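For reference, the chains in residue letters:
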Amino acid sequence: MFARRRFAVLKNLLEYVGIEPDRLHFSWISSAEAEKFQKTATEVCEKVAALGPAKHLIKNIRKVA
Amino acid sequence: MDNKAIAEKIREVAARLLSQGQVDCVIGYRQGSVPMRERPFFAYTPEEAAQLTWTSFCCNNLANYLIRRQFGEAGKVAVVAQGCVSRSIVGLIKENQITREQVFVIGVPSPGMVDRRKVQATVGADKLITAVNEEGEELVVSGPGFEERIPRHTVLRDNCYTCQQRNPVIVDELIGEEGPPTHGGDIDAVAAPWEKLDPEARWAAFVDNYQACIRCYACRDACPLCYCHVCFVDETMPQWCGKTQDEADVLTYHLLRAFHCAGRCTDCGACESACPVGIKVRRLTSKIEKDIRAMYGYTPGMDLESTPPMSVYRPDDPQDFIK
Amino acid sequence: MAENSEWRPRIAAFLCNWCSYGAADLAGVSRLQYPPLIQTIRIPCTGRMSPKFILQAFRKGVDGVWVSG
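Residues numbered from 1 in each chain as written. Chains lettered and ligands numbered in written order. Predicted model: local features only at pLDDT ≥ 70, side-chain atom pairs only at ≥ 80, totals over all residues. Heavy atoms only, no water.

Participant: Sorry, what's going on with the interface of chain B and chain C here?
Facilitator: Many descriptions give the size of an interface as the accessible area lost when the pieces come together. Across the contact, 11 residues belong to chain B and 6 residues belong to chain C. A per-residue breakdown of the area chain B buries against chain C is headed by Trp240, Thr252 and Leu256 of chain B, which together make up 56% of the total. Where chain B packs against chain C, one counts 2 salt bridges. In this structure, the salt-bridge partner of aspartate 249 of chain B is arginine 59 of chain C, at a minimum N-O distance of 2.4 Å. Inspection of the region where chain B meets chain C yields 3 residue pairs in polar contact (both at pLDDT 80 or more). The class makeup of the residues in the side of chain B that touches chain C is 6 nonpolar, 3 polar and 2 charged. (Contact = heavy atoms within 4.5 Å. Buried area = accessible area lost by both parts, 1.4 Å probe. Salt bridge = Lys/Arg side-chain N within 4 Å of Asp/Glu carboxyl O. Polar contact = N/O pair within 3.5 Å; in protein donor to acceptor, adjacent residues only side chain to side chain. Nonpolar A, V, L, I, M, F, W, Y, C, P; charged D, E, K, R; others polar.)

Structural data, given as structure tokens:
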């Protein structure tokens, strides 16, 4: 519940700087909801796959050196 | 009351507090070694109090110097505080860094502080400014072969234009008269200028804004909210944020720094004034504070009673983003 | 598109020990199929979750982050 406030602020912040909203997912799933877990996992994977590889915030060691 | 009269009054009050032994020290500003760079000053004796000043360039947040302070005999220090600084002091009291009894607030309704970069840009980047005098609402800027009069309100710092609380929220002794609480600017309208861009342009604006960063941490050190013993940028096991000037490291640092200020930032602008390369450091913090006002109806540091927003919750907090 | 058929996203999933981690376990024993792209990281509680973890995941090159409590 405290985490919810943190996530809300963080998600807004990351969207504000231009990270695609679909890269970051949050969900509440109880330990009895295996089906919801399956459904959400599939959905997350589909959405991220649709976006293609991440471009932002990646630390590329070779580029730095 | 103009700034010169306020400065006079600050010196008088500081000398009185010190000679009566009410406080160990008066934290205020004194003239810097170059124009437009007033610096924090710690007056321990009534004689030293004569060096205190008050101008349009008092950009540091003095609440910063209350953190982990060694208190002397009187167990109390006095701080010259405008609206934002007093709000930071309230924040520190709430976060149990100091107690209300340890601090004597010399409250000064803020006239809005001036951005030295804007002054320099107004007279021309190639001109050497050797003196700035204040005459009422005008700054008289002079240097070799030129003198220019600039109205103060045209060169205020960004955060001062949209100030929401000029008058100190806690006061032990007030200097000057309380004015209207705001400077008239609408903070919600300018807090998040990138919001209207599309995601790619937002990212480009974000990278562009921070790319000059040299990782000196002046913004962190100027900030009265950043008082962790070990900052996350100094942690190495695990290392959350690399120490290079690589884009990913710089942006991670600024994102996390801003996030740590969530629900605490009083928009004093000390970070922006401290930045040696002139980055608009407030871009992220002002966006977060706007969100917090919108989602939780909270403005930091306005009173001693309310609970900080990130340490409470309500059952009906927004959660559309959670599946 | 040829490149896309090769590429598979990598997703870091931060799962709460008591909620979603249990759900993932139950999904496993129930033989429910879900994509093998998520890499599960168990956290003791969603309250343990810090923005540092999310940014660190992005820095290390994941394509998506999923936090579930």
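Participant: Teacher, can you tell me more about the pairing of strand 3 (residues 64–68) of chain C here?
Facilitator: When a strand is regular, its side chains alternate between the sheet's two faces. Residues and elements named next belong to chain C. Taken across its 5 residues, strand 3 has 5 buried, putting it largely inside the fold. In strand 3, alternate side chains face the same way, and those of Gly64, Trp66 and Ser68 on one face and Val65 and Val67 on the other are all buried. For strand 1 (residues 11–16) and strand 3, the ladder comprises 5 bridges, and the chain directions are parallel. Residue isoleucine 11 lies in a different strand from strand 3, and its bridge partner there is glycine 64. (Buried < 20%, exposed > 50% of the residue type's maximum accessible area, 1.4 Å probe, protein only. Helix = DSSP H or I, 4+ residues; strand = E, 2+ residues; numbered from the N terminus. Pairing = 2+ DSSP bridges.)

Participant: What's the story with the interface of chain C and chain A in this structure? I'm lost.
Facilitator: Each side of the interface is counted separately: chain C has 35 residues, and chain A has 33 residues. Summing both sides of the interface, chain C and chain A together bury roughly 2900 Å²; the carbon and sulfur share of this comes to 72%. Broken down residue by residue, the surface that chain C buries against chain A is led by Phe58, Arg59 and Trp66 of chain C, which jointly contribute 21%. Counting across the chain C and chain A interface gives 0 salt bridges. Counting every contact that joins chain C to chain A gives 14 residue pairs in polar contact (both at pLDDT 80 or more). The set of elements that each furnish at least two residues to the side of chain C that touches chain A consists of strand 1, helix 2 (20–29), helix 3 (51–59) and strand 3 of chain C. Among the elements that make up the side of chain C that touches chain A, the one with the highest residue count is helix 2 of chain C (6 residues). Split by residue class, the side of chain C that touches chain A holds 24 nonpolar, 9 polar and 2 charged. Summarising the sheet, strand 1 (residues 24–27) of chain A and strand 3 of chain C pair through 4 bridges and their orientation is parallel. Note that in strand 3 of chain C the partner of leucine 24 of chain A across the bridge is valine 65 of chain C.

Participant: Help me understand the nonpolar core in this model?
Facilitator: In a soluble, globular protein the nonpolar side chains are often hidden away together inside. Core analysis: the biggest nonpolar cluster contains 61 residues, and Val26, Trp54, Leu66, Ile89, Ile106, Val119 and Val141 of chain B have the highest contact counts within it. Ranked by size, the runner-up nonpolar core spans 60 residues in total, among them Trp203, Cys271, Val281 and Ile292 of chain B. (Core = buried A, V, L, I, M, F, W, Y, C linked by side-chain atoms within 4.5 Å.)

Participant: Where do I start with unusual backbone geometry in this structure?
Facilitator: Phi is mostly negative for residues that are not glycine, and the peptide bonds are mostly trans. A cis amide bond links methionine 237 of chain B with the next residue in sequence, proline 238 of chain B, at an omega value of -5 degrees. Along the chain, the position of proline 238 of chain B falls in the loop between helix 7 (218–222) and helix 8 (247–260). Even without being glycine, leucine 57 of chain A reaches a positive phi, approximately 65 degrees. Topologically, leucine 57 of chain A is positioned in the loop between helix 2 (34–51) and helix 3 (61–64). Exposure remark for leucine 57 of chain A: the relative accessible area of 3% places this residue in the buried category.

Participant: I'm lost on helix 6 (residues 199–210) of chain B in this one. Help?
Facilitator: The α-helix advances 3.6 residues per turn, and as a result positions three or four apart in sequence lie on the same side. Along its 12 residues, helix 6 of chain B runs 17 Å from first to last C-alpha, staying within 8% of the 16 Å computed at 1.5 Å per residue. The set of residues buried in helix 6 of chain B consists of Arg202, Trp203, Ala205, Phe206, Val207, Asn209 and Tyr210 of chain B. Elements in contact with the buried residues of helix 6 of chain B: helix 1 (2–16) of chain A together with helix 8 and helix 10 (282–296) of chain B. (Expected span 1.5 Å × (residues − 1).)

Participant: Looking at this structure, I do not really get the sheet that holds strand 1 of chain A. What am I missing?
Facilitator: Note: strands within a sheet are paired through backbone hydrogen bonds, in either parallel or antiparallel orientation. An order of 1(A)-3(C)-1(C)-2(C) is seen for the 4 strands of this open sheet, with the pairing classed as parallel. Only two strands of the sheet have a single neighbouring strand rather than two, namely strand 1 of chain A together with strand 2 (38–43) of chain C. Geometrically, the sheet is characterised by an average inter-axis angle of 20 degrees between neighbouring strands, direction not taken into account. Against the sheet, helix 2 of chain C touches strand 1, strand 2 and strand 3 of chain C, its axis set at about 105 degrees to strand 1 of chain C. (Axes fitted to C-alpha atoms, helices over the stretch in contact; angles between N-to-C directions.)

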